[in-house]
Structures are given as C-alpha cells and as structure tokens.
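Residue-level structural notes
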Amino acid sequence: MLTTNNLTKRYGSITALDGVSLTLEAGEIFGLLGPNGAGKSTLMSLVAGLRQPDEGEILCLGERMRPERITQRAQLGFVPQALALYEELSGEENLRLFGRLYGLSGSVLRERVEEGLCLVQLQDRRRDQVKTYSGGMQRRLN
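Because the structure is predicted, anything quoted here is derived from the model rather than measured. (Residues numbered from 1 in each chain as written. Predicted model: local features only at pLDDT ≥ 70, side-chain atom pairs only at ≥ 80, totals over all residues. Heavy atoms only, no water.)

**Looking at the sheet that holds strand β1 (residues 2-11)**
The strand order β2-β1-β3-β4 describes an open sheet built from four strands, whose pairing is antiparallel. Looking at the sheet topology across the chains shown, the edges are occupied by β2 (14-24) and β4 (63-64). As judged from the five bridges shared by β1 and strand β3 (residues 55-60), these two strands associate in the antiparallel manner. Across the sheet, residue threonine 8 finds its bridge partner in β3, namely glutamate 55. (Pairing = 2+ DSSP bridges. Helix = DSSP H or I, 4+ residues; strand = E, 2+ residues; numbered from the N terminus.)

**Points about the nonpolar core**
Among the nonpolar cores identified, the biggest contains eleven residues, and these are Leu2, Leu7, Leu17, Leu22, Leu24, Leu43, Leu46, Val47, Ile58, Cys60 and Met65. At the level of elements, β1, β2, α1 (40-47) and β3 are the ones that each hand at least two residues to this core. Ranked by size, the runner-up nonpolar core spans ten residues in total, among them Leu85, Leu109, Met137 and Leu141. (Core = buried A, V, L, I, M, F, W, Y, C linked by side-chain atoms within 4.5 Å. Buried < 20%, exposed > 50% of the residue type's maximum accessible area, 1.4 Å probe, protein only.)

**Considerations on the confidence of the model for the chain**
In this model, the chain carries an average pLDDT of 89, and 90% of its residues clear a pLDDT of 70 or more. Averaged pLDDT values over the elements of the chain bottom out at 65 in helix α2 (residues 70-73) and peak at 95 in helix α4 (residues 106-119). (pLDDT = per-residue confidence, 0-100.)

**Describing the pairing of β1**
One ladder, built from eight bridges, connects β1 with β2; its direction is antiparallel. Looking at the pairing, tyrosine 11 lines up with isoleucine 14 of β2. Taking the residues between adjacent antiparallel strands as the criterion, β1 and β2 are bridged by two residues, where glycine 12 takes a positive phi near 65°.

**A look at helix α3 (residues 91-101)**
Listing the buried residues of α3 in full gives Gly91, Glu92, Asn94 and Gly99. End-on view of α3: buried residues confined to an arc of 160°, all on one side of the axis. Structurally, α3 contributes buried residues whose contacts are with α4 and α5 (135-141). The first or second residue beyond α3 is glycine 103, which carries a positive phi of 90°. (Arc of directions from axis to C-beta. Contact = heavy atoms within 4.5 Å.)

**Thoughts on the pairing of β3**
Bridging between β3 and β4 involves two bridges; their strand directions are antiparallel. Residue pairing for β4: leucine 59 is matched across the bridge by arginine 64. With antiparallel pairing between neighbouring strands as the criterion, β3 and β4 make up a hairpin whose turn holds two residues, including leucine 61 at a positive phi of roughly 55°.

**Examining unusual backbone geometry**
Phi at asparagine 6 is positive, roughly 55°, even though this residue is not glycine. Asparagine 6 sits in the partly exposed class, given a relative accessible area of 43%.

**Brief notes about the pattern of salt bridges**
Counted by the stated rule, this structure contains eight salt bridges. In this structure, the salt-bridge partner of aspartate 54 is lysine 9, at a minimum N-O distance of 3.9 Å. A residue pair is termed long-range when its members are at least 10 positions apart, and aspartate 54 in the loop between α1 and β3 and lysine 9 in strand β1 qualify at 45 residues. We classify aspartate 54 as partly exposed; its relative accessible area is 40%. Judged by its relative accessible area of 11%, lysine 9 falls in the buried class. Salt-bridge contacts for glutamate 88 lead to lysine 131; the nearest nitrogen and oxygen are separated by 3.4 Å. Within this pair, whereas glutamate 88 is found in the loop between α2 and α3, its partner lysine 131 is found in the loop between α4 and α5, the two being separated by 43 residues in sequence. The class of lysine 131 is partly exposed, set by a relative accessible area of 43%. Through salt bridges with shared partners, one network takes in Glu92, Arg96, Glu114 and Arg126. (Salt bridge = Lys/Arg side-chain N within 4 Å of Asp/Glu carboxyl O.)

Now the structure itself:
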C-alpha cells in the first residue's frame with residue numbers, strides 16, 4: 001500500500017533523511033521510533049505530502065504520491081506529533097468538522113463519525129468536550 005524508495009531530504013547542509021526505503025502493506029500498523037533528530041518527523045511530513053523529497057519516491061497503492069492528489073492522501077492515517085483537536089468541541093463535533101474538511105456530508109459523514117468513535121472506543125464520551133478527555137483519549141481521537 002505504501003512504499004518509500006531511497007528517500008532523501010536535506011535542509012541546507014543537514015541531511016535529515018538519507019536513502020530511506022520501506023514498504024507497508026494494507027492493514028499494517030507502523031510505529032516509527034528513534035532518538036530526537038533521527039528524521040522521523042521529516043519522513044512523516046514527506047509521506048503526508050507536507051514536504052517534497054530531494055531524492056527518491058513515495059508510492060501509495062502503487063502510484064507515485066503527489067501532494068495535489070487528495071484521494072491518495074485520504075488513504076493514509078496520520079497522527080501528527082501535536083494534537084489537532086479543538087478542545088472546546090466534543091469528540092463527535094471534532095470528527096464531524098474534520099470529515100467536512102475532507103468533503104464528507106450527509107449519511108456518509110454520520111457513518112464515518114460513528115465508525116471513528118467506535119474504532120477508538122469513545123462512543124460513550126462522544127458529546128463530552130475534548131478538554132475533559134485524558135491525554136490518551138485525546139491521542140486516540142486525534
């Protein structure tokens with residue numbers, strides 16, 4: 001589903017990634033661990049289409065990733081280091097908001113919100129403000 005081939009990214013004279021290759025199959029969950037400065041955030045920003053590699057390629061579902069292809073990016077689940085939640089909104093309201101930003105509406109939006117809440121086991125807290133969630137609950141919702 002996702003393949004990186006020989007990814008390299010430089011910031012001036014600093015090489016943040018040097019020839020990183022990996023393959024992830026559909027349904028796999030992948031954790032990226034390493035010390036500060038190892039290039040984890042750089043790799044994820046490349047995969048998410050937030051930055052472009054200096055060398056190498058990223059394939060999603062066998063096609064070269066292009067930042068303008070929203071459908072490709074929508075196939076990936078990406079949890080950034082900083083939480084992207086609105087604390088004053090409920091968990092359900094957050095999911096609805098982000099679903100709308102991805103172009104969902106109507107019954108499809110309702111179904112996806114319900115699926116998301118079930119997936120992260122927050123159905124019973126759906127109407128509570130995110131600021132009342134524990135850190136772990138916020139991370140799961142994110």
